[in-house]
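Spelled out from the first residue to the last, the chains are:
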Amino acid sequence: MTDADAERGDRPERAAATGPEAADRPRPPARRRWPRWTAMGAAAVVLAGAGVGWALYQRLEGNITTDVTTAELLERYERERPEPALGRARNILILGSDDRSGGNRRYGRDTGTARSDTTILLHLAADRKSATAVSVPRDLMVRIPACERPDGSRTKAQFAQFNWAFEFGGAACAIRTVERLTDIRVDHHVVIDFQGFKRLVDAIGGVEVCLPEPVRDKDADLDLPAGRQTLRGEDALGYVRARQSIGNGSDTQRMARQQAFLASLVKKVRSNGVLMNPTRLYPVLDAATSSITADAGLNSLTELYDLVRSVRDIPDEDIRFLTVPRKPWERNPNRDELVQPEADRLFADLRADRQPPLPEPDEPDEPGGRAGPDGNRTPGGRDASQDVCAP
């Protein structure tokens, strides 16, 4: 042992080292080791977080059901379909299915078919500075083309109420019917059922409404007191489905109520309290993705995120909810028909990527009707603002 070795002492750590350079390498002071362990710990947390984030992403991505059949059916009728929208403008058909199979059995007898209880054609302007949602009445009399049934059989072309199209041939038949009615090409479609609607409303903490009088509706499983209140899941679904027990019992009022409810829901989702808060955003994304059946153009989180990002800055006043101009059908007042030329002007505006003007307040769409402040017309002198409270 040299004098130098004696001064350093015989250190066991050095026993495993090989070579003269390794043997003489000084041991790092203890105080310098903690940054290394801290960095390693931080790296482990980041990697773990990335793993969790990827797992959540995969879960949300896997929630979405892709509708491949509709695309295949529409491809067969490509020649008869309208031209695509101008530039980046997009038309999305939102279908609310009244399917009563599975978890929806409690809402009525399952006959093996479903109708489009709610249909909205959403037009997103090419510059993403405005959006227009147009409701198509379920009882509107339209020309439905020959469609293929799920079992492979075909229906004949016929003049019937609009919501039969979805029953006859699913989303593909509904899309073709809307395109024939409006001469507007549907770029994407989304189908949401009763259970999906409830989950989405619950995920955002409910939607506030204001009832001028109590509502009791056995068919809609609804029993609500008068006044301001926040509706969740089952009550929210009953509220937008109810018809006979609220107002004058018309489908017109129900559509206005649905539009106002959806406007409040969209505004709440767009608020910073949801979009900027991961703990609140994830349940909304989980509910939304697990609630929808979409075409291949909207069946991924990336595509949905790009869509939401493109419209998140649209001012509330430039997101409009309208109903196609309609009136009671002359052959049956319980059915509807278009009011012309107002309907054609509305469709022409959307085709040209123009935001349609709101109806004039002094233009009744049926006896006793008038326009509310949101542009929705309701019969009997009541407007939608009486149903849903302003935030």
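Because the structure is predicted, anything quoted here is derived from the model rather than measured. Numbering of residues starts from 1 in every chain and runs along the sequence as written. Per-residue local features are limited, in this predicted model, to residues with pLDDT of at least 70; the limit for side-chain atom pairs, both in listing and counting, is 80 or more; totals at the level of whole chains, interfaces and linings are taken over all residues. By convention in this description, side-chain values take in all heavy atoms of the structure and omit both hydrogens and water.

Caption draft 1: Spatial organisation of the packing of aromatic side chains. Planes of paired rings set the category: under 30 degrees apart is stacked, over 60 is edge-to-face and the rest tilted, where pairs are Phe, Tyr or Trp rings (Trp by its six-membered ring) whose centres lie within 6.5 Å. Going through the model one piece at a time under the given rule, you end up with 4 aromatic pairs. Centroid distance Trp164 to Phe168: 6.0 Å. Interplanar angle 65 degrees. Geometry classified as edge-to-face. With Trp164 and Phe168 both in helix α5 (residues 164-182), this residue pair falls 4 residues apart, about one helical turn. Classification of Trp164 by relative accessible area gives partly exposed; the value is 27%. With 6.0 Å between their ring centres and 45 degrees between their planes, Tyr239 and Phe261 make a pair best called tilted. Here Phe261 lies in helix α8 (residues 251-270) and Tyr239 lies in helix α7 (residues 233-241), a separation of 22 residues in the sequence. Members of the aromatic cluster, each reached through a chain of ring pairs, are Phe197, Tyr239 and Phe261. Whether a charge lies above a ring is judged from NZ of Lys or CZ of Arg, which has to be within 6 Å of the ring centre and within 35 degrees of the ring normal. The ring of Tyr77 carries Arg176 above its face, with NZ or CZ at 3.6 Å from the centroid. Helix numbering and strand numbering both begin at the N terminus, where a helix is a DSSP run of H or I of at least 4 residues and a strand a DSSP run of E of at least 2. To sort residues, take the accessible area from a 1.4 Å probe on protein chains only and compare it with the maximum for the residue type: under 20% means buried, over 50% means exposed, and anything in between is partly exposed.

Caption draft 2: Representation of the layout of surface pockets within the structure. The distinction between a cavity and a pocket rests on a 1 Å grid over the protein atoms alone: a 1.4 Å probe fits inside a cavity but cannot get out, while a pocket stays open yet meets protein on both sides within 12 Å along at least five of seven lines, and a residue with an atom within 4 Å of a point counts as lining. Grid points are joined across faces, edges and corners, and a volume is the space filled by probe spheres set on the points. Approximately 1,800 Å³ is the volume found for the largest pocket. In this structure, the largest pocket is lined by 50 residues; those nearest its centre are Leu200, Leu265, Val266, Val269 and Val308.

Caption draft 3: Main features of the pattern of salt bridges. Any Lys or Arg side-chain nitrogen located within 4 Å of an Asp or Glu carboxyl oxygen qualifies as a salt bridge. Applying the stated criterion to the full structure yields 14 salt bridges. Between Arg81 and Glu78 there is a salt bridge, with its nearest N and O atoms 3.9 Å apart. The exposure class of Arg81 is buried, given its relative accessible area of 12%. With a relative accessible area of 33%, Glu78 lands in the partly exposed category. Salt-bridge contacts for Arg216 lead to Asp223; the nearest nitrogen and oxygen are separated by 3.3 Å. A relative accessible area of 60% means that Arg216 is categorised as exposed. Overall, the relative accessible area of 52% leaves Asp223 in the exposed class. Here the residues in one salt-bridge network are Glu78, Arg81, Glu179 and Arg185, joined through shared partners.

Caption draft 4: Local environment of the nonpolar core. Side-chain atoms within 4.5 Å link the members of a nonpolar core, which is a set of buried Ala, Val, Leu, Ile, Met, Phe, Trp, Tyr and Cys residues. Counting residues in hydrophobic clusters, the biggest one holds 32 residues, and the most contacted among them are Leu93, Leu95, Leu140, Ile144, Val324 and Phe347. Broken down by secondary-structure element, the contributors of at least two residues to this core are α4 (68-75), β2 (90-97), β5 (141-144), α5 and α12 (342-351). At 9 residues, α5 tops the list of elements feeding residues into this core. Any two residues whose heavy atoms approach within 4.5 Å at even a single point are treated as in contact. Those residues within four positions of Phe347 in sequence are excluded, and the remaining contacts are Leu181, Thr182, Ile184, Val324 and Leu338. Listed in part, the 23 residues of the second largest apolar core include Val209, Ala242, Phe261 and Leu265.

Caption draft 5: Representation of the state of the cysteines in the model. Put simply, a disulfide is two cysteine sulfurs that come within 2.5 Å. Counted according to the given criterion, the structure contains 1 disulfide. Here Cys147 is linked by a disulfide to Cys173, with a sulfur-sulfur distance of 2.1 Å. Between Cys147 and Cys173, the S-S dihedral sits near 75 degrees, and the bridge is therefore right-handed. Pair noted here: Cys147 is in the loop between β5 and β6 (158-161) and Cys173 is in helix α5, with a separation of 26 residues, a long-range link. For Cys147, a relative accessible area of 2% translates into the label buried.

Caption draft 6: Main features of empty space enclosed by the protein. Within this structure, the stated rule accounts for 2 cavities of 30 Å³ or more. Forming the boundary of the largest cavity are 13 residues, of which Asp117, Thr118, Val136, Met255 and Gln258 lie nearest the centre. Among the secondary structure elements, those contributing two or more residues to the lining of the largest cavity are β3 (116-124) and α8. Sorting elements by how many residues they give to the lining of the largest cavity places β3 first, with 5 residues. Gly falls in the polar group here, along with every residue not listed as nonpolar (Ala, Val, Leu, Ile, Met, Phe, Trp, Tyr, Cys, Pro) or charged (Asp, Glu, Lys, Arg). Within the lining of the largest cavity, the residues separate by chemical class into 4 nonpolar, 5 polar and 4 charged. Of the pockets and cavities examined, the second largest cavity occupies roughly 50 Å³. What lines the second largest cavity is simply Leu73, Tyr77, Cys147, Glu148, Gly169, Ala172, Cys173 and Arg176.

Caption draft 7: Up close: the pairing of strand β8 (residues 207-211). Taking every second residue as pointing to the same face, the buried face of β8 carries Val207, Val209 and Leu211, while none of Glu208 and Cys210 on the other face is buried. Of the pairings in the sheet, the one linking β8 to strand β11 (residues 227-231) comprises 5 bridges and is antiparallel in character. Bridged to Leu211 within β11 is Gly227. Each pair of strands is called paired provided DSSP finds at least two bridges between the two strands.

Caption draft 8: Fine view of the environment of Val68. Its place among the elements puts Val68 in helix α4. Among the residues examined, Val68 registers a relative accessible area of 46% and is labelled partly exposed. Note: C-alpha distance between Val68 and Thr293 (225 residues apart in sequence) is 9.9 Å.

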